[in-house]
Amino acid sequence: MQKWIMSGLLGVAFIMAIVLIFTLPGKEEVAKEAKPTMPEITLNADQADAIIKANCISCHGDQLQGQVGPNLQKIGATLSADQLYGIIKKGKGQMPTFKDRLKDEEIANVALWLAEQK
């Protein structure tokens, strides 16, 4: 009786291993998610300003002076547009992800605008 139970458990474990092999993301997919690529766009400062007012001032302040979130007034002096894009898209620490709230182009536009703040 115990042999049948052990054989059944081993069979279930084997089937689960096969399913995981074919469903887990590969190295390339994980690397792509870890470092998102910023789309090439032209900065639209008015649109970036509107997005920031609608999404960022509650944590970063109306002048981006920092409140709950850090001061962003001179963030371009320390972070590049690509780095800012990754942080906005994926989130970091207490900062939430915006990948579900904003389009990639909107995130890139905000990142470009912030990168100019030096």
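Note that this is a predicted model, so its numbers are computed, not measured.

### Topic: the UniProt feature "transmembrane region" (unreviewed entry) in the protein chain
In the numbering used here, UniProt assigns the feature "transmembrane region" (unreviewed entry) to residues 6–25. The span residues 6–25 is 90% helical and 0% strand by assignment, and the distance between its end C-alpha atoms comes to 30 Å.

### Side note on the UniProt feature "binding site: heme c" (unreviewed entry) in the protein chain
The UniProt entry lists Cys56, Cys59, His60 and Met95 under the feature "binding site: heme c" (unreviewed entry), expressed in the numbering used here. Taken together, the annotated residues stretch across 40 residues yet fold into one region, lying no more than 10.3 Å apart by C-alpha. Tracing the sequence through the fold places Cys59 in helix H4 (residues 57–60). Setting aside its immediate chain neighbours within four residues, Cys59 contacts Gly66, Gln67, Val68 and Gly69. Note on placement: His60 falls in helix H4. His60 gets classed as buried once you look at its relative accessible area, which sits at 9%. The contact partners of His60, leaving out residues within four places of it in the chain, are Gln65, Gly66, Gln67, Gly69, Pro70, Leu72 and Met95.

### What about the nonpolar core?
Judged by nonpolar contacts, the single largest core of 22 residues is most densely connected at Met38, Ile52, Ile88 and Leu114. When residues of this core are traced back to their parent elements, those giving at least two are helix H3 (45–55), helix H5 (81–90) and helix H6 (104–115). The dominant element in this core, judged by the number of residues it contributes, is H6, at eight residues. In this view, Ile52 contacts Ile57, Leu64, Val110, Trp113 and Leu114; residues no more than four positions away in its chain are not counted.

### Focus on the pattern of salt bridges
The final tally for this structure, using the stated rule, is two salt bridges. A salt bridge links Lys53 to Asp49, with the nearest nitrogen and oxygen atoms 3.3 Å apart. On the criterion of helical spacing, the pair formed by Lys53 and Asp49 is a turn pair, its members being four residues apart in helix H3. The exposure class of Lys53 is exposed, given its relative accessible area of 52%. For Asp49, a relative accessible area of 30% corresponds to the partly exposed category. Taking the shortest distance from any N to any O, the salt bridge between Lys89 and Asp104 comes out at 2.5 Å. Taken together, the residues Lys89 in helix H5 and Asp104 in helix H6 connect sequence positions 15 residues apart.

### Some thoughts on unusual backbone geometry
For Leu64, which is not glycine, the phi dihedral falls at a positive 60°. Secondary-structure assignment places Leu64 in the loop between H4 and H5.

### Notes on the packing of H5 against H6
Two numbers describe how H5 lies on H6: the axes approach to 8 Å, and their chain directions differ by 130°. In terms of their interaxial angle, H5 and H6 are classed as oblique. Crossing geometry of H5 relative to H6 is assigned as right-handed. Between H5 and H6, the residues in contact are Ala81, Leu84, Tyr85, Ile88 and Lys89 and Asp104, Ile107, Ala108, Val110, Ala111, Leu112, Leu114 and Ala115, respectively. Residue composition of the contact of H5 with H6, by class: eleven nonpolar, no polar and two charged.

About the thresholds
- Each chain has its residues counted from 1, running along the sequence as written.
- In keeping with the model being predicted, local features are shown solely for residues with a pLDDT of at least 70 and side-chain atom pairs are shown and tallied solely at 80 or more, while totals for entire chains, interfaces and linings include all residues.
- To get the side-chain values, all heavy atoms of the structure are used, and hydrogens and water are removed first.
- UniProt positions are given in the numbering used here, feature names are shortened, and annotations may be inferred rather than shown by experiment.
- Put simply, DSSP H or I for four residues or longer makes a helix, DSSP E for two residues or longer makes a strand, and each gets a number counted from the N terminus.
- Contacts are residue-level and defined by heavy atoms, with any inter-residue pair within 4.5 Å sufficient.
- Only protein chains enter the accessibility calculation, which uses a 1.4 Å probe; a residue whose area is less than 20% of its type maximum is buried, one above 50% is exposed, and one in between is partly exposed.
- Grouping buried Ala, Val, Leu, Ile, Met, Phe, Trp, Tyr and Cys residues that are joined through side-chain atoms within 4.5 Å yields what is termed a nonpolar core.
- For this document, the term salt bridge refers to a Lys or Arg side-chain nitrogen within 4 Å of an Asp or Glu carboxyl oxygen.
- Comment: axis = line fitted to C-alpha atoms, over the contacting stretch for helices; angle = value between 0 and 180 degrees taken between N-to-C directions.
- Angular relationships are summarised with four words: roughly parallel below 35 degrees, roughly antiparallel beyond 145, roughly perpendicular across 65 to 115, and oblique for the angles in between.
- Take the far helix as the reference: if the near one is turned anticlockwise from it by less than a right angle, the crossing is left-handed, and if turned clockwise, right-handed.
- Each residue is assigned to one of three groups, with Ala, Val, Leu, Ile, Met, Phe, Trp, Tyr, Cys and Pro labelled nonpolar, Asp, Glu, Lys and Arg labelled charged, and all others, Gly among them, labelled polar.

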